[in-house]
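Here are the chains, one letter per residue:
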Amino acid sequence: MTLTADRAMNIARVLTESLPYIRRFAGKTVVIKYGGNAMVDDDLKNGFSRDVVLMKLVGINPVVVHGGGPQIGRLLERIGKQSEFIQGMRVTDKETMDVVEMVLGGQVNKEIVNLINRHGGPAVGLTGKDGTLIYAEKLRLTRDQEDPTVNVPEIIDLGHVGKVKQINTRIVDMLVQSDFIPVIAPIGVGEDGQSYNINADLVAGKLAEALGAEKLILLTNTPGLLDQEGKLLTGLNAAQVQSLIANGTISGGMLPKVQCALEAVDRGVKSAHIIDGRVEHAVILELFTDEGVGTLIRQENDF
Ligand SMILES: Nc1ncnc2c1ncn2[C@@H]1O[C@H](COP(=O)(O)OP(=O)(O)O)[C@@H](O)[C@H]1O
Ligand SMILES: CC(=O)N[C@@H](CCC(=O)OP(=O)(O)O)C(=O)O
């Protein structure tokens, strides 16, 4: 294939535009959450893996946290089980927990590790149990009751769903220092050794905070955070996000995403981005171009 003048100009423009970003992010950690909904086909998975390897090659330290909600759903369906989701979290009984551990810690984790390695790697897969990376405790959500005379909120029991109690970064630090790309499944371990299913966005946010990451990138299946007309919203602060939750604009799986993005930037991560993982090379476009893509959430005082 010969290079047309237009294509050559485009390549040259992207390469030169990326230089200041490469310099700025070299040596910094970027946590990328790869959602199950963004793993839709082989081209996208290969593109994602290439982007991660390219980041490593230019001196950035990528740390991947992956989801796999649709993949868990498919295996549950095959064994005749249906999941209920409450506030974006899968209600997880013992049998579902076994499936979650098998799919996230096994199938999905090893597929991503293998893909990154095939594109140059080197990647190493972990769950939150390895090196007690993710110490978890039971998550209890509260549902505000309709009746104003009852002022104790209802507690919702989600079974084996956890929240991050503590991140022990030692194993990730060791891997990053030895130039490996850690690929992490969002399974935590509790006090008495039990497994917890944790929403991958929440793990990515807490990990970004614990690692002092420069950026948190959440790859999903929408162009970013959308308003009720489907228009892309960006540059949001905490108050704006709260009002979008209150009026129902943000719901389901987008809830944990915006919540963890806000918390991460509040606790030192420079910026969080919710971007469309269905766009090829979305990670590189976000990192290395002036325009960026998707929804940016920044520290309050940066506006
Ligand atoms: N305001 C919103 N903007 C964009 N997506 C939203 C919004 N509110 C709810 N969603 C839903 O959140 C989904 C993304 O969350 P989720 O399905 O958990 O993705 P992932 O598997 O990538 O974590 C979108 O596909 C969309 O259905
Ligand atoms: C508690 C909870 O909901 N855990 C998620 C973990 C996987 C995940 O977060 O996957 P995505 O990022 O692809 O949605 C689940 O069981 O689906």
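Every value quoted in this text rests on a predicted model; they were computed, and no experiment measured them.

Rules used in this analysis
- Residues numbered from 1 in each chain as written.
- Chains lettered and ligands numbered in written order.
- Predicted model: local features only at pLDDT ≥ 70, side-chain atom pairs only at ≥ 80, totals over all residues.
- Heavy atoms only, no water.
- Near = heavy atom within 4 Å.
- Polar contact = N/O pair within 3.5 Å; in protein donor to acceptor, adjacent residues only side chain to side chain.
- Areas by Shrake-Rupley, 256 points an atom, 1.4 Å probe, with all protein chains shown as cover.
- 1 Å grid on protein atoms, 1.4 Å probe; cavity = no way out; pocket = protein on both sides within 12 Å on 5 of 7 lines; lining within 4 Å.
- Sits in = over half its atoms within 2 Å of the grid points.
- Helix = DSSP H or I, 4+ residues; strand = E, 2+ residues; numbered from the N terminus.
- Nonpolar A, V, L, I, M, F, W, Y, C, P; charged D, E, K, R; others polar.
- Pairing = 2+ DSSP bridges.
- Axes fitted to C-alpha atoms, helices over the stretch in contact; angles between N-to-C directions.
- Expected span 1.5 Å × (residues − 1).
- Buried < 20%, exposed > 50% of the residue type's maximum accessible area, 1.4 Å probe, protein only.

**A few points about the site of ligand 2**
Moving on, step 1. Near ligand 2, the surroundings consist of 16 residues, among which Lys33, Gly36, Gly68, Arg90 and Asn197 are the closest.
Moving on, step 2. Between ligand 2 and Asn197 there is a distance of 2.9 Å, counted from an oxygen atom to a side-chain nitrogen or oxygen.
Moving on, step 3. Between an oxygen atom of ligand 2 and a main-chain N or O atom of Ala200, the distance comes to 3.0 Å.
Moving on, step 4. Relative to its unbound accessible area of 430 Å², ligand 2 is 92% covered by the protein chains.
Moving on, step 5. The cavity where ligand 2 resides is the second largest pocket.
Moving on, step 6. Elements that contribute at least two residues to the shell around ligand 2 include exactly α3 (69–78) and β4 (89–90).
Moving on, step 7. At 3 residues, the largest contribution of residues to the shell around ligand 2 is made by α3.
Moving on, step 8. Here the shell around ligand 2 is built from residues that sort into 6 nonpolar, 8 polar and 2 charged.

**Things to note about the sheet that holds strand β8 (residues 181–185)**
Moving on, step 1. An order of β5-β8-β2-β1-β11-β14-β15 is seen for the 7 strands of this open sheet, with the pairing classed as mixed. Each edge of the open sheet is held by one strand with a lone partner, namely β5 (123–127) and β15 (295–298). Taken pair by pair, the neighbouring strands of this sheet meet at an average axis angle of 20°, ignoring direction.

**So, helix α6 (residues 200–211)**
Moving on, step 1. The end-to-end C-alpha distance of α6 is 16 Å, a good match for the 16 Å that 12 residues give at a rise of 1.5 Å each.
Moving on, step 2. Three or more residues of α6 are buried, namely Ala200, Asp201, Val203, Ala204, Gly205, Leu207, Ala208 and Leu211.
Moving on, step 3. N-capping of α6 is provided by Asn199, with a side-chain oxygen placed 2.8 Å from the backbone N of Asp201.
Moving on, step 4. Positioned one or two residues after α6, Gly212 has a phi angle of 65°, which is positive.

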